[in-house]
Amino acid sequence: MHKISLKDWVILLTIVPTTLIAFSIASYFSYSRYDELNTFLTQRSQSIIEPLAIASSLGMLNKDRVQLRNLMNFTHRSQSSIIKSIAVFTKDNQVFVTSSYHGDANLLRLKAGQVIPNSTIFSKNGDDFIFHSPIINETLINEATRSMSQDNIGYIAMQIDSSNIRLKQQDQMLFSFLIVLLGSAFSAFFSYRLIKNFTRPIDAMVLAVDRIREGKLESRVTGQLIGELNFLKNGVNAMAQSLGDYQEEMQGSIDQATTDLRESLEQFEIQNVELDIAKRKAQEANKVKSEFLANMSHELRTPLNGVIGFTRQVLKTPLTITQRDYLQTIERSSANLLAIINDILDFSKLDAGKMVIENIPFSMRAAVEETLTLLAPTSHKKNIELSLRVNPQLPDALIGDAMRIKQVLINLTSNAMKFTDKGSVDIDVDSERIENNIAVLKVTIKDTGIGMNHEQQKTIFEAFGQADKSVTRLYGGTGLGLVISQRLVTEMNGNMGFSTEQGQGSTFWFTFRCEVNPISIDNIFDNHELAGKSVLYFEPHTHSRIATSEILTDWNLAVHPVQNLVQVNDLLNEKVHFDFALISHDITPTALVELKELIVTLSKNVTQIHLAINSNSPNLQEALIACGAKSCLSKPITPERLNKVLLPRNHLLDIVRSTSEDNKIPVKILAVDDNEANLKLINELLLEQVNEVTTVVNGQEAVDICKHEKFAMIFMDIQMPIMDGISALKSIKAITFNDNTPVIAVTAHALKEEKDKLLKLGFDSYMTKPIDEAMLRHCIYEYCDLTQPQNIKTMKNKNIDNTDLNQQAFDTNNATIMHRRNHQVIDWPLALKRAGNKEELAKEMFKGLVQSLPETKLNISEALTSQDVEQLKVLIHKLNGACCYSGVPSLGRVVHQIETELKSGVTIDDLEPEFFEFFEHIDNVINQAPEVFNKKPNIEH
């Protein structure tokens, strides 16, 4: 409706109503006149035929045709304007007499079988009317018979012409139409005058308003208008005048504000100079603080490493009990202090957003079991039951940051054991959801410790906050463990929470998000020989009993779990024979006697007896084995340990040795890297999985060889001399046979932005150094045009016996163990692992790194002095790649961090503390390298 203009409204409200009214009135009067003329014709015809019928009755009775003809002729002549013909018919429907001007007598006659009407009737024939009126014998009618019947002796028929009446009716309708046209014309004339007097001024006002809106404030509405339009014109002109005055006033205000702004900007420039000076002073102060922290870190950790190292050396010498106790106390205290320093540094990195979460293939069960194995000595010392249950349905092959997952699990489990004096610490690993190759896992740690009250729960996740803040604290620590764990879990797209009750223990849980690795991790356990065999499993602790029973059941063993000695005796009294007995027992002076007696009792009904105790003491285990046990495990029980004791070792070794060259994939792969050690390692790792590997040292050589040979896959380093990896990729795709060959970017360090950039440039995927078999096999399976390759089984050379080989490798103090793993200068087992368990290759790469460190240190120092950021990036990147394969975790960590910061745009001055730490780690590696070479380390770990 809003689209109808004022002109349209005027037309709708004037012309249309007038036309409708005139048409209605004309139609009404035309119809009335039409009906009136028809009625007049009918009445006039009746007034002629009825008297004529009465006058004709005597002539009909007397058969006087002459008289009747004269009567008909007279009537016809006198009413000739409307009468066409008159005829008199007898009773038997025969013509008796007609007028001289008669027409068709058959047209006037009643139809055959039609009775003479008792009164006048008429019918229509075209434009004419036919009237019939009866001729009654009046002489027979008397008062007695008048109401009963009448004697019709004939009838008169008269044909009436209606053409004159029709002409009058047409004249009437034409006249009415002319009246309608005349009224509409008058209405249109007045409407035009109304439109002219109203719409044109309004259009002029609209145009003026548009010009005012466009900024032409001088526009005005002119002309003399009438009534309200003149008021509206004056209002528009007044509005335009007001806007003009306001614009002039506003322009004056703007000019004044501009002047004030210029003065303010001059003041701001002065303040900016002052702020810049203050900023430089603050940066200098921050630099001094960073230098102080770096120096203090160096000054604290260097003597602590000396104290710990020499304390361990002294502990290896003959000592008295008191001296050994004192030295162990010194070692624990030093390790705790070092752990506190490292927690503070980790917290600083998280707070600065410098923590990087890796995505590499790992075994979930192996990671969790390794963590609990490290914590086992602490639980043994406190006589706490430490148990682990992993849902058998969970996928084991995942892609994520196993190190950070283990760090969170260690922090939460250590806290649980710290605040638990008796009882148990139970760990459950389950899934919240698994969909679209994404798994959200949940780890729950439940203890029977002291719990927390409501006030302690409020501050549990505050930095440097602890549940016990009293002066006489029983439990040490920095109060950073939970804060660091919570932030790490958040970085892994998870959550952390807890529930607790004072005096009833606590339950902490955390979730983390991982990808499900499509390549399953090789399982070296072949348990088919155990299928169908029976196991008597004695375990008083419910959680441990359920967890281990699930493992044994999954191996298709018939498990008979019992929780007390009464149930054991009941089974023995039934004289049931078992293939194995797995006895879990706490170690106390009285329990040892019971355990030895139980071994003797079970030996009658059990082929092999295996023990699981809360101790890793070799002497105690030997004593129990001497009593008749086949083996003695250190709790917690893991599948690997169970497999070692339940299956013969030689059978497992035969399975591992059965791996042959038949498992290799029949493809040819090209590896490109400018670092000799890296190239040698990736060549060795690839040859374990594929038939043929070609290596080149720069991008140009890769392009040249790709022109003549076709490869199934190409692993390309990014930063290389002569031609870098990106340029080589473009040339290979453009001018060689390998335009469709998958190219994987291999880099010692890749930020998220760099990874996205590499994928956009055309790389099919990327791999970060250090490279291991799982990552390599994952890429080959995903990007080579093959089905999933055969399992490539590898196993380190181990000295196998019936006891737990790992139990003597752990110190009794958990903090010392964590220091050894996370802050070790040279980790030879790690170097062996990076070299594919090839000792000679590991020695060669480690020797090459150590020999290059002095020159690298000198070059980096010169680059720092000259502030050459690009040269520094090249040197750090090359060293990062070398550290990935040489078993120097501490140096590799700081080099990785420095390269991350440099690529993120952090200045050299801001990285000064990291470079202090960097040079310290180089000196540590150089100093400890001779000791590693002299020891001639083997690959056992």
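Residues numbered from 1 in each chain as written. Predicted model: local features only at pLDDT ≥ 70, side-chain atom pairs only at ≥ 80, totals over all residues. Heavy atoms only, no water.

A. Molecular detail of the overall build of the protein. The helix and strand tally for the protein stands at 28 helices and 22 strands. Residues classed as buried in the protein amount to 44% of the 941 residues present. (Helix = DSSP H or I, 4+ residues; strand = E, 2+ residues; numbered from the N terminus. Buried < 20%, exposed > 50% of the residue type's maximum accessible area, 1.4 Å probe, protein only.)

B. Geometry of the confidence of the model for the protein. Summarising the model, the protein shows a mean pLDDT of 78, and 80% of its residues fall at 70 or more. Within the model, pLDDT remains below 50 along residues 143-148, and this stretch shows two contacts once partners closer than five positions in the same chain are excluded. With pLDDT under 50 throughout, residues 650-662 is counted as low confidence; its partners more than four residues away or in other chains account for eleven contacts. (pLDDT = per-residue confidence, 0-100. Contact = heavy atoms within 4.5 Å.)

C. Expanded view of the packing of aromatic side chains. Applying the stated criterion across every chain yields a total of nine aromatic pairs. Where Phe 122 meets Phe 129, the ring centres are 5.9 Å apart and the plane angle is 65°; that geometry is what we call edge-to-face. One aromatic cluster is present, formed by Phe 122, Phe 129 and Phe 131 through successive ring pairs. Seen from the ring of Phe 96, Arg 65 lies directly overhead, with NZ or CZ sitting 4.2 Å from the centre. The side chain of Lys 442 reaches across the aromatic face of Trp 509, ending 5.0 Å from its centre. (Phe/Tyr/Trp six-rings, centres within 6.5 Å; stacked < 30°, edge-to-face > 60°. Lys NZ or Arg CZ within 6 Å of the ring centre and 35° of its normal.)

D. Region of interest: the pattern of salt bridges. According to the stated counting rule, one finds 15 salt bridges in the structure shown. For Asp 428, the salt bridge goes to Arg 389, with nearest N and O atoms at 3.9 Å. Here the residue Asp 428 occupies a position in strand S9 (residues 424-435), and Arg 389 occupies one in strand S7 (residues 385-390), the gap between them amounting to 39 residues. Classification of Asp 428 by relative accessible area gives partly exposed; the value is 24%. A network of salt bridges, in which partner residues are shared, links Glu 385, Glu 539 and Lys 635. (Salt bridge = Lys/Arg side-chain N within 4 Å of Asp/Glu carboxyl O.)

E. Broad picture of helix H3 (residues 65-78). With 14 residues, H3 ought to run about 20 Å at 1.5 Å a step, and its terminal C-alpha atoms sit 20 Å apart, in line with that. For H3, the set of buried residues is Leu 68, Met 72, Asn 73, Thr 75 and His 76. Buried residues in H3, looked at end-on, bunch into an arc of 165°, giving them a common side. With respect to the buried face of H3, the exposed residues turned more than 90 degrees away are Val 66 and Phe 74. Those residues of H3 that are buried lie in contact with helix H2 (15-62), strand S1 (83-90), strand S2 (95-98) and strand S5 (152-161). Here H3 starts with a cap whose side-chain oxygen sits 3.4 Å from the backbone nitrogen of Val 66, and that cap is Asp 64. (Expected span 1.5 Å × (residues − 1). Arc of directions from axis to C-beta. Polar contact = N/O pair within 3.5 Å; in protein donor to acceptor, adjacent residues only side chain to side chain.)

F. Focus on the sheet that holds strand S20 (residues 713-717). Sheet architecture is open: five strands sit in the order S19-S18-S20-S21-S22, paired in parallel fashion. The open sheet has two free edges, formed respectively by strand S19 (690-696) and strand S22 (765-768), since each of these has just one partner strand. Here the strands of the sheet are splayed against their neighbours by 25° on average, with no regard to which way each runs. Here strand S21 (residues 743-747) runs beside S22; their pairing, made up of four bridges, is parallel. Across the sheet, Val 746 pairs through a bridge with Met 767, a residue of S22. Together, S20 and S21 form the strand contacts of helix H20 (residues 725-735), whose direction differs from that of S20 by roughly 150°. (Pairing = 2+ DSSP bridges. Axes fitted to C-alpha atoms, helices over the stretch in contact; angles between N-to-C directions.)

G. Broad picture of the environment of Ala 185. Within the secondary structure, Ala 185 is located in helix H5 (residues 163-213). With a relative accessible area of 46%, Ala 185 lands in the partly exposed category. Considered as a pair, Ala 185 and Thr 18 are 167 residues apart in the sequence and their alpha carbons are 9.7 Å apart.

H. How the structure looks around the sheet that holds S1. Read across the sheet, five strands follow the order S2-S1-S5-S4-S3 without closing on themselves; strand pairing throughout is antiparallel. Of all the strands in the sheet, just S2 and strand S3 (121-125) have a single pairing partner and so form its edges. Adjacent strand axes in the sheet meet at a mean angle of 25°, parallel and antiparallel pairs treated alike. As paired strands, strand S4 (residues 128-136) and S5 are joined by nine bridges and run antiparallel to one another.

I. Representation of helix H26 (residues 869-883). In this model, H26 (15 residues) spans 21 Å end to end at C-alpha, consistent with the 21 Å of a helix rising 1.5 Å per residue. Three or more residues of H26 are buried, namely Leu 872, Leu 875, Ile 876, His 877, Leu 879, Asn 880, Gly 881, Ala 882 and Cys 883. The N-cap residue of H26 is Asp 868: its side-chain oxygen and the backbone nitrogen of Glu 870 are 3.5 Å apart.

J. Looking closely at the side chain of Lys 635. Relative to the elements of secondary structure, Lys 635 occurs in the loop between strand S17 (631-634) and helix H16 (639-646). Only 2.6 Å separates the side chain of Lys 635 from the side chain of Glu 385, close enough to count as a polar contact. A distance of 2.6 Å separates the side chain of Lys 635 from the side chain of Ser 584, its partner in a polar contact. Aside from chain neighbours lying at most four places away, what touches Lys 635 is Ala 376, His 380, Glu 385, Glu 539, His 541, Ser 584, Ala 612, Ile 613, Asn 614 and Arg 641.

K. Up close: the environment of Tyr 155. In this fold, Tyr 155 is placed in strand S5. Overall, the relative accessible area of 0% leaves Tyr 155 in the buried class. Taking the C-alpha atoms as reference points, Tyr 155 and Ser 133, separated by 22 residues in sequence, lie 5.6 Å from one another. Polar side-chain contacts of Tyr 155 include one of 2.3 Å to the side chain of Asn 93.

L. Here's a closer look at empty space enclosed by the protein. This structure, assessed with the given rule, holds four cavities of 30 Å³ or more. Of the voids in this model, the largest cavity is the one considered here, and its volume is about 70 Å³. What lines the largest cavity is simply Leu 386, Ser 387, Leu 388, Tyr 537, Glu 539, Ser 544, Ala 547, Thr 548, Ile 551, Lys 635, Pro 636 and Ile 637. Mapped onto the lining of the largest cavity, the elements with two or more residues apiece are S7 and helix H12 (542-554). At four residues, H12 tops the list of elements feeding residues into the lining of the largest cavity. Of the residues belonging to the lining of the largest cavity, the class tally is seven nonpolar, three polar and two charged. One number sums up the size of the second largest cavity: a volume of about 50 Å³. (1 Å grid on protein atoms, 1.4 Å probe; cavity = no way out; pocket = protein on both sides within 12 Å on 5 of 7 lines; lining within 4 Å. Points joined across faces, edges and corners; volume = space filled by probe spheres on them. Nonpolar A, V, L, I, M, F, W, Y, C, P; charged D, E, K, R; others polar.)

M. Looking closely at the pairing of strand S13 (residues 534-538). When you tally the buried positions in S13, you get five out of five residues, the bulk of the element. Both faces of S13 are covered, namely the face carrying Ser 534, Leu 536 and Phe 538 and the face carrying Val 535 and Tyr 537. A crossover connection joins S13 to the parallel strand S14 (residues 558-562) through H12; in handedness this β-α-β unit is right-handed. Pairing of S13 with strand S15 (residues 578-585) involves four bridges; the strand directions are parallel. Bridge pairing links Tyr 537 to Leu 582 in S15. (Right-handed = clockwise from strand over helix to strand, strands pointing away.)

N. Main features of a nonpolar patch on the surface. Together, Trp 9, Ile 11, Leu 12, Leu 13, Val 16 and Leu 20 give the surface a local cluster of nonpolar side chains, amounting to about 530 Å² of exposed area. Considering each element in turn, the nonpolar patch owes the most residues, four residues, to helix H1 (residues 6-13). Locating Trp 9 in the fold gives a position in helix H1. (Patch = residues over 30% accessible without salt bridge, like charges linked within 9 Å, V, L, I, M, F, W, Y side chains within 5 Å. Areas by Shrake-Rupley, 256 points an atom, 1.4 Å probe, with all protein chains shown as cover.)

O. Broad picture of the side chain of Ser 544. Looking at the element boundaries, Ser 544 is found in helix H12. The exposure class assigned to Ser 544 is buried, which follows from its relative accessible area of 5%. For Ser 544, the side chain forms a polar contact with the side chain of Glu 385, separated by 2.7 Å. Once you skip the residues sitting within four places of it in the chain, Ser 544 turns out to touch Glu 385, Ser 387, Tyr 537 and Glu 539.

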